[in-house]
Amino acid sequence: MRNSISRIRGRSRRCLLTGTLTGLLLLVSGSPAAPEPTGGALARGSAYMGIGVLAHDGASGTPPPPPRASQTEGVDVSSHQGDVGWPALWGDGIRWAYTKATEGTYYTNPYFAQQYDGSYGSGMIRGAYHFATPDTAGGAAQADYFVAHGGGWSKDGKTLPGVLDIEWNPYGDACYGKSRSAMVSWIRDFLNRYKSRTGRDAVIYTATSWWTECTGNHAGFGSANPLWVARYASTVGTLPAGWSSYTMWQYTSTGKAVGDHDRFNGSQEKLEDFARG
């Protein structure tokens, strides 16, 4: 049953980008539904980590399983998954998770408590992410909203730093109507405010192609902010400028229980060190 749901969810992600979500949701009646499009456009709040990867970068395979001593498996979830079966994911070897907490300054994930607390309760190290919408509010304002609604950090060894999910705009222009320099300034404002509020540098989630198009492949964040790169392929490929290595890699959107699967570039011990800061 879980495999069937994953296949449906995988198809639904592609359909989200072409405006056919309503028909597909009928196939999964009874499952938590994403907000329906209005006026032919995706409803605000519906975005999730990696929403544009398949459409813009495609998929070209998945990497072979690595030894657990070198990489640690994780997942990322949003309201699209509803209540997640965390004990089953733990049994499948998932050891960390990120939950969408917020989007812009207008949306909070209604499943956040079950997903964020549930992953922790199963034994996972967990964190929260913010889907950025630079066309709706400033970077500092969105960082404040994120911190106020689940995006904080504590040095307990079980809480990962917050993530800025900055990628294709599912609601309009890919770069949110911003020039490259304006986008870099917006990202800097978010990161600076998050650091001042939490004492921790946020992780940047992005895809190399989006980063190149919308920031001009800006190289100024790699020294402080860990990289979570999105690429659905057998290798991680070229990284954005400024980073010589990645901290996390979202490598597929078609996992057997939860679609989005990720790898932390290190052992479980290194993951715990990363959580502590």
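Up top is the structure.
From a predicted model like this one, the values you see are computed outputs, not experimental measurements. (Residues numbered from 1 in each chain as written. Predicted model: local features only at pLDDT ≥ 70, side-chain atom pairs only at ≥ 80, totals over all residues. Heavy atoms only, no water.)

Ranked by internal contacts, the top residues of the largest apolar core, which has 61 residues, are Y98, I166, I187 and W228. When residues of this core are assigned to their parent elements, the largest contribution, 7 residues, is made by helix α7 (residues 180–198). Residues contacting Y98, with those up to four places away along its chain left out, are V75, D76, V77, G127, A128, Y129, L160, P161, V163, V203, W228 and M248. V75, V77, V84 and M124 belong to the second largest nonpolar core, which has 9 residues in total. (Core = buried A, V, L, I, M, F, W, Y, C linked by side-chain atoms within 4.5 Å. Buried < 20%, exposed > 50% of the residue type's maximum accessible area, 1.4 Å probe, protein only. Helix = DSSP H or I, 4+ residues; strand = E, 2+ residues; numbered from the N terminus. Contact = heavy atoms within 4.5 Å.)

Time to look at the packing of helix α6 (residues 139–148) against α7. Where α6 meets α7, the axes come as close as 7 Å, and the angle between the chain directions of the two elements is 40°. Compared by their axis directions, α6 and α7 come out oblique. Both α6 and α7 take part in a crossing whose hand is right-handed. Here G139, A140, Q142, A143, D144, F146 and V147 of α6 lie close against α7, whose contacting residues are W186, D189, F190, R193, Y194, R197 and T198. (Axes fitted to C-alpha atoms, helices over the stretch in contact; angles between N-to-C directions. Parallel < 35°, antiparallel > 145°, perpendicular 65-115°, else oblique. Left-handed = near helix turned anticlockwise from the far one by under 90°.)

Look at Y176: it is not a glycine, yet its phi comes out positive at around 60°. For Y176, the position within the fold is in the loop between β6 (163–165) and α7. One non-glycine residue, N217, lies in the positive phi region at around 60°. Among the structural elements, N217 can be located in the loop between α8 (208–215) and β8 (227–230).

Here Q142 lies in helix α6. Every residue in contact with Q142, bar those within four places of it in the chain, is listed here: G104, T105, H130, F131, A132, T133, P134, T136, A137, W186 and F190.

Now for the packing of aromatic side chains. Scanning all chains against the criterion turns up 14 aromatic pairs. A centroid spacing of 5.0 Å and a plane angle of 50° characterise the contact between Y98 and W228, whose relative ring orientation is tilted. On the criterion of sequence distance, the pair formed by Y98 in strand β3 (residues 96–103) and W228 in strand β8 is long-range, its members being 130 residues apart. Accessibility expressed as a relative area gives 0% for Y98, which makes it buried. Pairing W211 with F221 gives two aromatic rings, centres 6.1 Å apart and planes at 75°, and the pair type is edge-to-face. A residue pair is termed long-range when its members are at least 10 positions apart, and W211 in helix α8 and F221 in the loop between α8 and β8 qualify at 10 residues. The exposure classification of W211 matches that of F221, with both residues buried. Counting every residue linked through ring pairs, the aromatic cluster contains W96, Y98, Y205 and W228. The ring of W90 has R95 lying over it, and the distance from NZ or CZ to the ring centre is 3.6 Å. (Phe/Tyr/Trp six-rings, centres within 6.5 Å; stacked < 30°, edge-to-face > 60°. Lys NZ or Arg CZ within 6 Å of the ring centre and 35° of its normal.)

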